[in-house]
Amino acid sequence: QVQLVESGGELVQTGDSLRLSCAASGRTFSDSAMGWFRQVPGKDREFVASISWNGGYTMYADSVKGRFTISRDDDKSTMYLQMSGLKPEATAVYYCAARRSRLTTRYYNNYDYWGQGTKVTVSS
């Protein structure tokens, strides 16, 4: 069992940077691949980034490559999403996810645990 809590979402301006955090509790965090997804009203949940169990592999959506960075700190049981050059289209609720696997995936139905989400708003 893994419990996830996102934080860090807030109102920012176009071009700003923001770091989201996902605090995990449970015994399997270090063995779990993790991911970030985002969702806006009326649209499907969109893959953002994923990181393998030991941080050795990362995967990004084409829309965020070069601007977003995913990382994890297993000593703190926390995953991060560093976002730079934010654009209005990044406005969404961002969700933290974990899966019972050590390997990355971009498909939301491959994840087993989800946080409640944190809202990011980028003003134009």
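Refer to the structure presented above.
Everything quoted here is computed from the prediction, not taken from an experiment. The numbers attached to residues start from 1 for each chain and follow its sequence in the written order. Owing to the predicted nature of the model, reporting of local features is limited to residues with pLDDT of at least 70; listing and counting of side-chain atom pairs is limited to 80 or more, with chain, interface and lining totals taken over all residues. Hydrogens and water molecules were not included; the side-chain quantities draw on all heavy atoms of the structure.

Student: Could you clarify how one ought to interpret the nonpolar core in this entry?
Tutor: Ranked by size, the top nonpolar core spans 34 residues in total, and within it Leu4, Met34, Trp36, Leu81, Met83 and Tyr94 carry the most contacts. Think of it this way: any DSSP run of H or I at least four residues long counts as a helix, any run of E at least two long counts as a strand, and we number them from the N terminus. Those elements that provide at least two residues to this core are β1 (2–7), β3 (18–26), β4 (34–39), β5 (46–51), β7 (68–73), β8 (78–83), β9 (92–98) and β11 (118–123). In terms of residue count, the dominant contributor to this core is β9 (5 residues). Here, the term nonpolar core denotes a set of buried Ala, Val, Leu, Ile, Met, Phe, Trp, Tyr and Cys residues that are joined through side-chain atoms within 4.5 Å. Buried, partly exposed and exposed residues are distinguished by accessible area as a fraction of the type maximum, computed with a 1.4 Å probe on protein chains only: under 20%, between the cut-offs, and over 50%, respectively.

Student: Teacher, can you tell me more about the pairing of β7 here?
Tutor: One face of the sheet, then the other: side chains in a regular strand alternate in exactly this way. Along β7, the buried face is formed by Phe68, Ile70 and Arg72; none of Thr69, Ser71 and Asp73, which line the opposite face, is buried. Here, a strand pair is defined by DSSP locating no fewer than two bridges between the strands. Bridge count for β7 against β8 is 6 bridges, and the pairing is antiparallel. By the bridge assignment for β8, Arg72 is matched with Met79. Linkage of β7 to β8, two consecutive antiparallel strands, is achieved through a turn of 4 residues, within which Ser77 is found at a positive phi near 50°.

Student: How should I be thinking about the pattern of salt bridges in this particular structure?
Tutor: Any two side chains of opposite charge can pair, on the condition that their charged atoms come close. Basic side-chain nitrogens of Lys or Arg form a salt bridge, by our definition, when they fall within 4 Å of a carboxyl oxygen of Asp or Glu. The full count for this structure, using the stated rule, is 5 salt bridges. Between Arg72 and Asp74 there is a salt bridge whose closest N-O contact spans 3.0 Å.

Student: Just to check I follow, could you spell out the state of the cysteines for this structure?
Tutor: Note on terminology: a disulfide is the covalent bond linking the sulfur atoms of two cysteines. Here, a disulfide means two cysteine sulfur atoms that sit within 2.5 Å of each other. Applying the stated criterion across every chain yields a total of 1 disulfide. Here Cys22 engages in a disulfide with Cys96; their sulfurs sit 1.9 Å apart. Residues Cys22 and Cys96 are joined by a disulfide whose S-S torsion is about -70°; by sign, that bridge is left-handed. Highlighted residues: Cys22 in strand β3 and Cys96 in strand β9, separated in sequence by 74 residues. One exposure class covers both Cys22 and Cys96, and it is buried.

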